[in-house]
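Observations on the three-dimensional arrangement
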Amino acid sequence: MSSNEVEKHYSRGDLYQVIMDALSGAGIDIANLQPEDLEPIEHFHGRGVAATADLAASLALSPSDEVLDIGSGIGGPARYIVRSFGCRVVGIDLTAEFCDVARRLTDAVGLSGKVEFQQASATDLPFDDGRFHAAYSQNVSMNIADKAAMFGEAHRVLRPGGSFALSEIALGDGGPVIYPTPWSEDGVHSHLLTESETVEALRQSGFEIVSVQDNVSATGQFLDAQREAVARDGAPKLGPFILMGDNAKEKGRNTAQNIEEGRARPIEILCRRA
Ligand SMILES: C[S@@+](CC[C@H](N)C(=O)[O-])C[C@H]1O[C@@H](n2cnc3c(N)ncnc32)[C@H](O)[C@@H]1O
């Protein structure tokens, strides 16, 4: 499947308005948006902002660093990094609509000076060699067949000694992945590897592996807490489901089943350009 079809999978056409309507419906004053108002929606991956906080912390960033967010979505992780560590972030994403929404949300919460978004592919980055202090990619590689190109590009644009923090859904041994999932309707543009295959692909691209973390049990706890909250308070008005189209509920249910049955495993890897 071409990158164009991946972009089609993520594009909604009216996403900014959908987000604004959802925020208004949840009682938020959208004329006076605060960065934290976006938090329930803007982290497009399992475990929400907690997963972003974990992955970003692994990079040990300083305010003078420039960070590349590869597959930045609507900009939640990039804005989190700016707010938490004071550094500058450049986000790239294949999906033009996500880049546009990311810019508009960033502007709406007054963070435009510190973060920018460009449409580009992870497999062909429009940056000079050795530019960034750190690179970050959260739940993006599942859509990318050519891991050597993705990891090779991340390696190329990092300074020597720079770190790359990657999270993804890896293949498990519990049976075939059930679709649709948030990253694929039917599995056609899903390119999952096992943890050891991803580690090997990173090594082949020149990275030294610093740590590999299995997030299966943290995700299980998050899913349990989410189910308890729904049973107690009813369905939430805000969540990344807003980004996932009409079958968002089915995608969410399948993700939970895939992880709970060991078909898929959320992992995070920290590696370093030697
Ligand atoms: C599940 S979302 C994650 C977004 C963001 N990292 C986050 O965690 O909020 C996956 C993202 O990967 C992007 N993506 C998929 N293939 C890509 C590629 N080849 N290059 C850049 N971005 C890509 C999609 O457009 C989408 O924004």
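Please refer to the structure placed before this passage.
Residues numbered from 1 in each chain as written. Predicted model: local features only at pLDDT ≥ 70, side-chain atom pairs only at ≥ 80, totals over all residues. Heavy atoms only, no water.

1. A closer look at the overall build of the protein
Rule in force here: Think of it this way: any DSSP run of H or I at least four residues long counts as a helix, any run of E at least two long counts as a strand, and we number them from the N terminus. Radius of gyration here is computed from C-alpha atoms only, and the compact-globule reference equals 2.2 Å multiplied by the residue count raised to the power 0.38. Whether a residue is buried, partly exposed or exposed follows from its accessible area with a 1.4 Å probe, protein chains only, as a fraction of its type maximum: under 20%, in between, or over 50%, in that order. Where accessible areas are quoted, they stem from the Shrake-Rupley method and a 1.4 Å probe; at the residue level, only the protein chains shown are allowed to cover.
Looking only at helices and strands, the protein has 10 helices and 7 strands in total. Rg of the C-alpha trace for the protein: 18 Å, near the compact-globule value of 19 Å for 274 residues, within the 12% margin. The buried share of the protein, taken over its 274 residues, is 50%. When the accessible area of the protein is evaluated, it comes to approximately 11700 Å², of which 49% is carbon and sulfur surface.

2. Overview of the packing of helix H2 (residues 15-25) against helix H6 (residues 96-108)
The following threshold applies: Note on geometry: axes are C-alpha line fits, over the in-contact stretch for helices, and angles between N-to-C directions span 0 to 180 degrees. For this classification, under 35 degrees means roughly parallel, over 145 means roughly antiparallel, 65 to 115 means roughly perpendicular, and everything else is oblique. Any two residues having at least one pair of non-hydrogen atoms within 4.5 Å are treated as being in contact. Residues are grouped as follows: Ala, Val, Leu, Ile, Met, Phe, Trp, Tyr, Cys and Pro are nonpolar; Asp, Glu, Lys and Arg are charged; every other residue, Gly included, is polar.
Running from amino to carboxyl end, H2 crosses H6 at an angle of 45°, the nearest separation of the two axes being 9 Å. Considering their axes alone, H2 and H6 lie oblique with respect to each other. The segment H2 lies against H6, with Leu15, Tyr16, Ile19 and Met20 engaging Glu97, Phe98, Val101, Arg104, Leu105 and Ala108. Broken down by class, the residue content of the contact of H2 with H6 amounts to 8 nonpolar, no polar and 2 charged.

3. A word on helix H10 (residues 248-260)
Rules: Multiply 1.5 Å by the residue count of a helix minus one, and that product is the helix's expected span.
Its 13 residues give H10 an end-to-end C-alpha distance of 18 Å, which sits within 8% of 18 Å, the value for a rise of 1.5 Å per residue. Listed as buried for H10 are Ala248, Lys251, Asn254, Thr255, Ala256, Asn258 and Ile259. Looking at the buried side of H10, the elements it contacts are helix H1 (3-10), helix H9 (216-233) and strand S7 (264-273). Just downstream of H10 lies Gly262, where phi reads positive at about 75°.

4. Side note on the packing of helix H4 (residues 48-57) against helix H5 (residues 76-85)
Put simply, the rule reads: By convention, the crossing between two helices is left-handed when the near helix turns anticlockwise from the far helix through less than a right angle, and right-handed when the turn is clockwise.
Where H4 meets H5, the axes come as close as 10 Å, and the angle between the chain directions of the two elements is 60°. Viewed along their axes, H4 and H5 adopt a mutual orientation that is oblique. Our pair here, H4 against H5, has a crossing hand that is right-handed. Contact residues: Val49, Thr52, Ala53, Ala56 and Ala57 in H4; Pro77, Tyr80, Ile81 and Phe85 in H5.

5. Concerning the packing of aromatic side chains
So the rule is basically this: Planes of paired rings set the category: under 30 degrees apart is stacked, over 60 is edge-to-face and the rest tilted, where pairs are Phe, Tyr or Trp rings (Trp by its six-membered ring) whose centres lie within 6.5 Å.
Considering all chains together, one arrives at 7 aromatic pairs under this definition. Ring centres of Tyr10 and Phe44 lie 6.0 Å apart, and the angle between their planes is 85°; this geometry places the pair in the edge-to-face category. Separated by 34 residues along the polypeptide, Tyr10 in helix H1 and Phe44 in the loop between helix H3 (39-42) and H4 bring together distant segments of the chain. The exposure classification of Tyr10 matches that of Phe44, with both residues buried.

6. What about the side chain of Thr52?
Tracing the backbone through its elements, the reader meets Thr52 in helix H4. The class for Thr52 is buried, based on a relative accessible area of 0%. With residues near it in sequence (within four places) discarded, Thr52 still touches His43, His45, Pro77, Tyr80, Tyr136 and Gln138.

7. Structural notes on the pattern of salt bridges
Formally: We count a salt bridge whenever a side-chain nitrogen from Lys or Arg sits within 4 Å of a carboxyl oxygen from Asp or Glu.
Scanning the entire structure with this criterion turns up 16 salt bridges. Close ionic contact of Asp129 with Arg156 constitutes a salt bridge, the shortest N to O distance being 2.8 Å. You can see Asp129 sitting in the loop between strand S3 (115-119) and strand S4 (132-138) and its partner Arg156 sitting in helix H7 (residues 147-157), a full 27 residues away along the chain. By relative accessible area, Arg156 is classed as partly exposed at 23%. A salt bridge links Arg265 to Glu195; its shortest N-O distance comes to 3.1 Å.

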